Protein chains: 2
Amino acid sequence: MKLDYSKIEEQSLPNFKGGEKSMEAKMFFDGKCRILKARLQPGASIGMHKHETNLEVIYVLKGNGTFIYDGESCPIEAGNAHYCAQGHTHSLINTGTEDLEFIGVVPEVQAQ
Amino acid sequence: MKLDYSKIEEQSLPNFKGGEKSMEAKMFFDGKCRILKARLQPGASIGMHKHETNLEVIYVLKGNGTFIYDGESCPIEAGNAHYCAQGHTHSLINTGTEDLEFIGVVPEVQAQ
């Protein structure tokens, strides 16, 4: 199936996972996989959280920011991907001066 | 972890899944999730295949093409995502005049 983001409404999710400001996101979820196109304004963040039953792949479309993955800080920019394996923790902060836009894929995976 | 595609070597995969021409791809796989940044030149395709143990999410970065998903044809262009759920079949053809560039995420998921 196709996700045409020009036809999906954007939701505002304040303090997402305990982060700063809000995440604006276009979300799809069928119980097995979450697919989102989202953006964080400068200074906005997704709070630290653990992926217990799923994993997450993020591909940065625009802007730049910093991931904290298992406590380690890592800068990221448009054209990079970030992988948070199952059982690991991460957060994402827009440390740049423009919106940080990304695609996120969060599939539910086998129990560890 | 970060995937910096400027540092990952591109592989050429001729007749990928039985498709035409070749797919050029930068691949990551840890046994649990495959993450690829790939491109198909005009006329190139990924052949029809079924996702038995995994699912696939594709986000189109550049160009346009056509997915065939469970026998149904669907045009796709830069900015759209495509979702092939577990147990379903798909193929992708670059029907455009420029390279079709995309991100693919293929996680291994729970048995059906």
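Residues numbered from 1 in each chain as written. Chains lettered and ligands numbered in written order. Predicted model: local features only at pLDDT ≥ 70, side-chain atom pairs only at ≥ 80, totals over all residues. Heavy atoms only, no water.

**Topic: the relation of the copies chain B and chain A**
- Aligned on chain A, chain B shows an RMSD of 0.0 Å; the corresponding rotation is 180 degrees and the shift along the axis is 0.0 Å. These values place the two chain copies in the arrangement generated by a two-fold rotation axis.
- When the interface residues of chain B are mapped onto chain A, 100% of them again fall at the interface, so both copies present the same face. (Least-squares fit on C-alpha atoms with pLDDT ≥ 70 in both. Contact = heavy atoms within 4.5 Å.)

**Quick look at unusual backbone geometry**
- The phi dihedral of Lys21 of chain A falls on the positive side, at around 55 degrees, and the residue is not glycine.
- Of note, Asp70 of chain B is a non-glycine position whose phi angle comes to about 50 degrees, a positive value.
- Looking at the secondary structure, you find Asp70 of chain B in the loop between strand E7 (64-69) and strand E8 (72-77). (Helix = DSSP H or I, 4+ residues; strand = E, 2+ residues; numbered from the N terminus.)

**Brief notes about the interface of chain B and chain A**
- Listed as interface residues are 30 residues of chain B and, on the opposing side, 30 residues of chain A.
- Linking chain B with chain A are 0 salt bridges.
- At the junction of chain B with chain A, the criterion picks out 12 residue pairs in polar contact (both at pLDDT 80 or more).
- Counting only elements with at least two residues in the side of chain B that touches chain A, the list comes to strand E1 (2-4), strand E4 (33-40), strand E6 (56-62), E8, strand E9 (80-84) and strand E11 (100-107) of chain B.
- The biggest single contributor to the side of chain B that touches chain A is E9 of chain B, with 4 residues.
- Partitioning the side of chain B that touches chain A into residue classes produces 20 nonpolar, 4 polar and 6 charged.
- Looking at chain direction, strand E9 (residues 80-84) of chain A and E1 of chain B are connected through 3 bridges and run antiparallel. From the neighbouring strand, His82 of chain A faces E1 of chain B, where its bridge partner is Lys2 of chain B. (Salt bridge = Lys/Arg side-chain N within 4 Å of Asp/Glu carboxyl O. Polar contact = N/O pair within 3.5 Å; in protein donor to acceptor, adjacent residues only side chain to side chain. Nonpolar A, V, L, I, M, F, W, Y, C, P; charged D, E, K, R; others polar. Pairing = 2+ DSSP bridges.)

**A closer look at the packing of aromatic side chains**
- Summed over the entire model, instances satisfying the criterion amount to 4 aromatic pairs over all chains.
- Judged by centre distance (6.4 Å) and plane angle (50 degrees), the ring pair of Tyr59 of chain A and Tyr5 of chain B falls under tilted. You can see Tyr59 of chain A sitting in strand E6 (residues 56-62) and its partner Tyr5 of chain B sitting in the loop between E1 and strand E2 (11-14), one on each of two chains. In terms of burial, Tyr59 of chain A and Tyr5 of chain B fall into one category: buried.
- Directly above the aromatic system of Phe29 of chain A lies the positively charged group of Arg34 of chain A, at a separation of 4.2 Å from the ring centroid. (Phe/Tyr/Trp six-rings, centres within 6.5 Å; stacked < 30°, edge-to-face > 60°. Buried < 20%, exposed > 50% of the residue type's maximum accessible area, 1.4 Å probe, protein only. Lys NZ or Arg CZ within 6 Å of the ring centre and 35° of its normal.)

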